[in-house]
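# Residue-level structural notes
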Amino acid sequence: MNKFHHTLNRLKPGLFALIMCAMFHLQSGAQTGFGESQLLNNDWYFTLSNPDKAETADFSHEKWRKLDLPHDWSIEAQLSPSLSSCTGYLPGGIGWYRKTLDFSNLPADKNAYLYFEGVYNRSEVYINGQLAGNRPNGYISFCYDITPFINRSENNVVAVKADHSLSADSRWYTGSGIYRDVYLITSGKVHFNQWGVSYTTPLVSEKKATVQVKMEVKNESAETQKLQLVSFLIDSKGQEIARSKETIQVQPNSLANGISELTVKNPVLWDLGNPNLYLLETQIERDGKIIDRTKTAVGIRSIHFDANTGFSLNGEGMKIKGVCIHHDAGCLGSAVPKEVWKRRLKTLKELGCNAIRMSHNPQAPDVYDLCDELGLLVMDEAFDEWEFPKRKWITGWNKGEPGYEGSYDFFEAWSSRDLADMVKRDRNHPSIIMWSIGNEVDYPNDPYSHPVLEHGRINQKVYGGYLTDHPKAERLGDIAKRLSSEVRKHDTSRPVTAALAGVIMSNETEYPGCLDIAGYNYTENRYHLDHETYPDRVIYGSENGHNMEAWNAVKNNDFISAQFLWTGIDYLGESGAWPARGGNGGLLNYAGFVKPRGHFRSALWNEEPVAYVGTSTRNGDVKNLIREAWPVWNYEKGEPVKILGFTNSPKAKLLVNGKQVGGPLEYNKETGVFLWEIPFEAGTLELVGLDDSGNEVVQSEIKTSERPHAIVSQPDTETIDRNKGVAQVEISIVDAAGIPVVLADNEITCTISGPGKLLGLEAGNDRDMGDYTDHVQRVYKGKLIAYIQATGMNGNIEVEFSSPWLSGTKCIIKAL
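We now turn to the structure provided with this report. The shown structure was predicted, so the numbers you read here are calculated from the model rather than taken from an experiment. Within each chain, residues carry numbers counting from 1 in the order of the written sequence. Totals for whole chains, interfaces and linings use every residue, but because this is a predicted model, local features are given only for residues with pLDDT of at least 70 and side-chain atom pairs only at 80 or more, for both listing and counting. Excluding hydrogens and water, the side-chain figures rest on all heavy atoms present in the structure.

A run of DSSP states H or I qualifies as a helix once it reaches four residues; a run of E qualifies as a strand once it reaches two. Both are numbered from the N-terminal end. Along the protein, the regular secondary structure elements total ten helices and 47 strands. Computed over C-alpha atoms, the radius of gyration of the protein comes to 27 Å, within 12% of the 28 Å expected from 2.2 N^0.38 for 816 residues, which places it in the range of a compact globule. Dimensions of the protein along its principal axes, counting C-alpha atoms only, are 90 × 65 × 60 Å. By residue count, 61% of the 816 residues in the protein fall in the buried class. A sequence separation of at least 24 residues applies to 70% of the contacts in the protein between residues at least 6 apart. Computed with the Shrake-Rupley method and a 1.4 Å probe, the accessible areas treat only the protein chains shown as cover for residues. Of the roughly 31200 Å² of accessible surface on the protein, a fraction of 46% belongs to carbon and sulfur atoms. For the purpose of charge, His is not counted, nor are the chain termini; Lys and Arg are scored as positive and Asp and Glu as negative. By convention, the charge on Lys lies at NZ, on Arg at CZ, on Asp at CG and on Glu at CD. Here the protein holds 84 positive side-chain charges and 103 negative ones, and the gap between their average locations is 2 Å. To get the radius of gyration, use the C-alpha atoms; to get the globule rule, take the number of residues to the power 0.38 and multiply by 2.2 Å. Relative accessibility under 20% of the residue-type maximum defines a buried residue, over 50% an exposed one, and the middle range a partly exposed one, all with a 1.4 Å probe and only protein chains included. Only heavy atoms enter the contact rule, under which two residues are in contact if any of them lie within 4.5 Å.

Structural data, given as structure tokens:
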């Protein structure tokens with residue numbers, strides 16, 4: 001096929017909450033799509049051990065640690081060179097969680113369910129000593145009907161085992177435990193099935209859109225049910241704009257499906273600049289009474305992929321400027337609050353990024369909601385390995401002998417169900433534009449092999465030629481057929497894709513042919529060749545380097561629609577040899593601060609004028625200098641300094657203390673960098689971007705700083721929700737004149753009073769292997785971020801930051 005066309009529909013969280021609270025007074029919560037939900041994160045008991053009979057109801061857990069979820073026990077440990085580099089020199093282990101629930105007020109005609117957004121990993125959930133279910137995949141959301149196991153007249157004990165004893169089972173940091181939200185769901189015997197409401201838009205134009213709503217109803221009663229299914233759509237002003245109603249009959253203990261269509265006149269489409277979201281409410285009525293309802297944010301939009309012209313959104317062609325992200329946030333590990341993700345995603349978008357690849361697993365629901373709300377496209381991805389393990393580096397990335405722990409052992413039994421659950425959970429997000437069934441599962445000789453490797457090579461590390469004792473690459477096609485088919489059972493409105501590493505090998509199999517669109521990892525050199533050889537194949541960059549050649553391959557070729565940089569944000573794990581916390585190739589560091597290469601990317605991707613100036617005294621080519629071009633103007637007098645200017649202006653000039661010392665230079669299309677070398681002179685260094693006529697368009701400056709003098713704090717908000725709302729306080733070191741001291745590495749102590757607590761201090765230093773569990777941390781490049789969380793009461797949270805020989809600072813955050 002040379003095209004893949006889809007039109008989809010769906011809505012958002014922020015508008016959703018406002019309208020629902022104001023109009024219907026309904027509780028928002030778990031994304032199961034049925035029943036009433038209650039967040040169940042508070043007051044769990046935990047032990048990092050594996051005691052006998054911990055699942056039983058009469059086991060005593062009173063001496064265990066009491067905590068609230070989400071919780072990642074790995075990030076609470078100390079970094080150690082004795083642990084595996086692949087997972088960030090942090091441990092795994094086995095942990096148990098227990099909680100007591102009271103169902104005395106649950107009516108006899110109601111059922112109870114537990115919904116887990118994610119438990120890493122190999123989890124088992126027990127109710128009163130009885131196994132409710134197990135889920136080995138640590139990234140998949142799951143729900144158990146616990147009704148058969150509960151006692152409505154006595155206390156009930158929930159016990160959850162998370163078994164991460166295979167601690168080096170991933171190529172990156174995973175975290176351990178119940179690291180996402182948990183909900184209690186209650187429902188009648190007749191309700192929407194889990195993730196049972198979905199929709200597409202078979203028609204989208206400026207004048208009219210058709211929203212097709214599919215509803216799967218579950219009847220767990222012993223009687224046939226005659227029901228009415230009601231759907232209505234609400235706009236951002238709170239006005240109902242479309243409604244439908246149909247009657248269905250559901251047999252006892254069975255499922256039935258209903259379909260309705262809603263017509264929207266003059267729809268406001270969801271796009272990147274205006275991610276407009278409607279609200280869909282769907283109800284089940286019996287004898288005029290509402291017995292279940294679900295609501296979803298809906299973004300009306302169309303997507304289109306073409307082998308020759310690339311990608312279009314709502315009929316407008318565009319380049320996908322994407323980044324890959326993992327699911328951790330530095331010192332917070334994998335238990336990341338929504339506010340932290342929002343700050344990170346907003347920063348990426350400000351740099352010109354318009355797409356996120358969820359590498360290489362389903363992420364927390366919050367992340368997708370934010371992409372809907374902010375206007376970011378999403379590549380959703382299911383797996384990093386299939387039936388065989390990949391190499392996991394133990395003593396540093398690509399160093400020494402690898403390990404082979406992994407998730408492969410449950411792939412055959414669980415992969416179809418895991419993939420189906422990812423698609424069903426996420427298919428109502430307008431931000432998602434493709435489903436990926438795998439990342440680099442075709443990496444040559446890791447483990448699949450093929451005779452083509454005797455003479456062919458890829459642009460990544462190669463582990464020999466054709467290895468006859470390795471699994472044959474042809475197996476990839478059979479698995480891809482099964483997985484692609486599974487996706488299409490649940491959603492045909494988006495293309496199926498995968499990120500191919502060994503394109504030369506996969507081309508000899510049926511694997512690419514099973515996909516609607518083919519992602520190429522670091523394989524820009526085959527774009528033209530494969531476009532000619534496979535003219536109907538839609539090709540895009542699914543994982544790419546930061547160099548100009550990789551971007552030019554997208555920018556200069558209509559048939560290449562996308563690139564996804566590795567990576568958008570620094571992540572834990574996949575570390576180099578000790579000391580190294582993780583992969584530090586991001587546009588942002590662990591703290592979410594923009595790195596020099598982030599500013600470089602902004603100059604390539606942004607539509608609005610941007611400018612940044614950085615410096616370096618290192619030797620080397622421009623590609624390497626970009627990474628180290630920090631905004632520092634502190635050197636020895638007369639010392640030769642390289643000046644790197646990043647701007648999207650066609651020309652630029654350089655000034656020192658108001659006097660022009662360099663340029664104007666023309667934009668360098670090969671490097672994307674304005675480069676000068678001048679002798680250092682203290683004062684102000686200024687980069688000025690010019691238009692073609694020489695007019696000043698944009699400027700950036702840095703100044704020579706004196707010794708560190710004071711700490712400056714800047715909270716991202718004045719108020720937070722008293723129920724675990726999070727404020728992020730940016731810390732910077734300045735001299736007596738208020739000039740940032742980028743070279744500062746002072747040790748900062750954080751002290752908190754009032755109804756709040758410190759979640760963590762993160763500076764973004766990949767080489768700092770110290771303690772991240774206390775209230776003390778060194779700044780890196782003169783900066784630090786503090787994560788402050790409310791603890792449940794109204795009041796002022798006073799946060800103080802101090803350091804020897806520096807003037808301290810305080811800030812007040814109101815918890816309401």
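More follows now that the structure is in view.
The next thing to look at is the sheet that holds strand E2 (residues 36–39). If you walk across this open sheet you meet the four strands as E2-E11-E6-E9, and the pairing is antiparallel. Looking at the sheet topology across the chains shown, the edges are occupied by E2 and strand E9 (142–145). Strand after strand, the sheet turns through a mean of 25° between neighbouring axes, direction not considered. Two strands pair when backbone bridges link them, and strand E6 (residues 110–116) and strand E11 (residues 182–188) are joined in this way by seven bridges, in the antiparallel orientation. Among the inter-strand pairings, Phe 116 is bridged to a residue of E11, identified as Val 182. Strand pairing requires that DSSP identify at least two bridges connecting the strands. As a rule, the C-alpha atoms of each element are fitted with a line to give its axis, helices using only the stretch in contact, and angles between N-to-C directions run from 0 to 180 degrees.

Here we come to the layout of surface pockets. Considering only enclosed or pocket space, the second largest pocket measures out at about 1200 Å³ in volume. Two kinds of site are reported from a 1 Å grid over the protein atoms alone, namely cavities, where a 1.4 Å probe fits but cannot get out, and pockets, open sets with protein on both sides within 12 Å along at least five of seven lines, and residues are called lining when an atom falls within 4 Å of a point. What lines the second largest pocket is a set of 47 residues, and nearest its centre among them are Trp 397, Gln 460, Tyr 522, Glu 543 and Trp 566. Breaking the lining of the second largest pocket down by element, the ones donating at least two residues are helix H8 (548–555), strand E31 (582–583), helix H9 (596–605) and helix H10 (622–628). When residues of the lining of the second largest pocket are assigned to their parent elements, the largest contribution, five residues, is made by H10. Under the convention adopted here, Pro, Cys and the residues Ala, Val, Leu, Ile, Met, Phe, Trp and Tyr are nonpolar, Asp, Glu, Lys and Arg are charged, and Gly plus all remaining residues are polar. When grouped by side-chain class, the residues that make up the lining of the second largest pocket number 14 nonpolar, 18 polar and 15 charged. Grid points are joined across faces, edges and corners, and a volume is the space filled by probe spheres set on the points.

Before going further, it helps to examine empty space enclosed by the protein. Inspection of the entire model under this criterion finds six cavities of 30 Å³ or more. Taken as a whole, the largest cavity holds about 280 Å³ of empty space. In terms of lining, the largest cavity is formed by 25 residues, of which the most central are Tyr 120, Tyr 139, Asp 384, Glu 385 and Ser 407. Taken together, the residues of the lining of the largest cavity sort by class into nine nonpolar, ten polar and six charged.

Just to be clear on terms, a salt bridge is a Lys or Arg side-chain nitrogen sitting within 4 Å of an Asp or Glu carboxyl oxygen. According to the stated counting rule, one finds 34 salt bridges in the structure shown. A salt bridge links Glu 762 to Arg 581; its shortest N-O distance comes to 2.8 Å. Here the residue Glu 762 occupies a position in strand E43 (residues 756–762), and Arg 581 occupies one in the loop between strand E30 (571–572) and E31, the gap between them amounting to 181 residues. For Glu 762, a relative accessible area of 0% corresponds to the buried category. Taking the relative accessible area as the measure of exposure, Arg 581 reaches 2% and is therefore buried.

We now examine the sheet that holds strand E4 (residues 65–67). Reading across the sheet, the six strands line up as E4-E3-E5-E10-E7-E8 and stay open at both edges, with antiparallel pairing between neighbours. Across the chains shown, the open sheet's two edge strands, defined by having one partner strand only, are E4 and strand E8 (130–135). Averaged over all adjacent pairs, the angle separating strand axes in this sheet is 25°, with direction ignored. Looking at chain direction, strand E3 (residues 44–47) and E4 are connected through three bridges and run antiparallel. Note on E4: the bridge partner recorded for Trp 44 is Leu 67.

With that settled, the discussion passes to the side chain of Asn 276. Following the sequence through the fold, Asn 276 ends up in the loop between strand E16 (254–265) and strand E17 (278–286). For the purposes of these results, a polar contact is taken to be a pair of N or O atoms within 3.5 Å, where, inside protein, one atom must be able to donate a hydrogen and its partner to accept one; residues adjacent in sequence count only when each atom of the pair is a side-chain atom. Polar side-chain contacts of Asn 276 include one of 3.0 Å to the backbone oxygen of Val 268. Once residues within four sequence positions are removed from consideration, Asn 276 is found in contact with Ser 236, Val 268, Leu 269, Trp 270, Val 298 and Gly 299.

Below, the discussion takes up unusual backbone geometry. Across the junction of Tyr 120 and Asn 121, the peptide omega takes the value -15°, indicating a cis bond. Structurally, Asn 121 can be placed in the loop between E6 and strand E7 (123–127). That bond from Trp 566 to Thr 567 is cis: its omega, 0°, falls within 30 degrees of zero. Checked against the element boundaries, Thr 567 lands in the loop between strand E29 (562–565) and E30. Unusually for a residue other than glycine, Trp 195 sits at a positive phi of about 55°. By the secondary structure assignment, Trp 195 is in strand E12 (residues 190–204). By relative accessible area, which is 5% here, Trp 195 ends up buried.

Aromatic rings from Phe, Tyr and Trp, with only the six-membered ring used for Trp, were paired whenever their centres fell within 6.5 Å, and each pair was classed as stacked if the ring planes differed by under 30 degrees, edge-to-face if by over 60, and tilted otherwise. Tallying each qualifying case throughout the model produces 28 aromatic pairs. On the basis of an interplanar angle of 70° and a centroid distance of 5.8 Å, the ring pair of Phe 388 and Tyr 448 is categorised as edge-to-face. One end of the pair, Phe 388, is in the loop between strand E24 (377–381) and helix H4 (411–426); the other, Tyr 448, is in the loop between strand E25 (432–439) and helix H5 (475–490), and 60 residues separate them in sequence. The class for Tyr 448 is buried, based on a relative accessible area of 2%. Each ring, one from Trp 551 and one from Trp 605, has its centre 6.0 Å from the other, and the planes form 65°; the classification is edge-to-face. Note that Trp 551 is positioned in helix H8 and Trp 605 in helix H9, a separation of 54 residues in sequence. By relative accessible area, Trp 551 is classed as buried at 4%. A ring has a charge above it when a Lys NZ or an Arg CZ is no more than 6 Å from the ring centre and no more than 35 degrees off the ring normal. It is Arg 391 that lies over the ring of Tyr 463; its NZ or CZ is 3.6 Å from the centre. One Lys or Arg, Arg 537, reaches over the ring of Tyr 534 and ends 4.0 Å from the middle of that ring.

As far as function goes, none of this settles anything; it's purely spatial.
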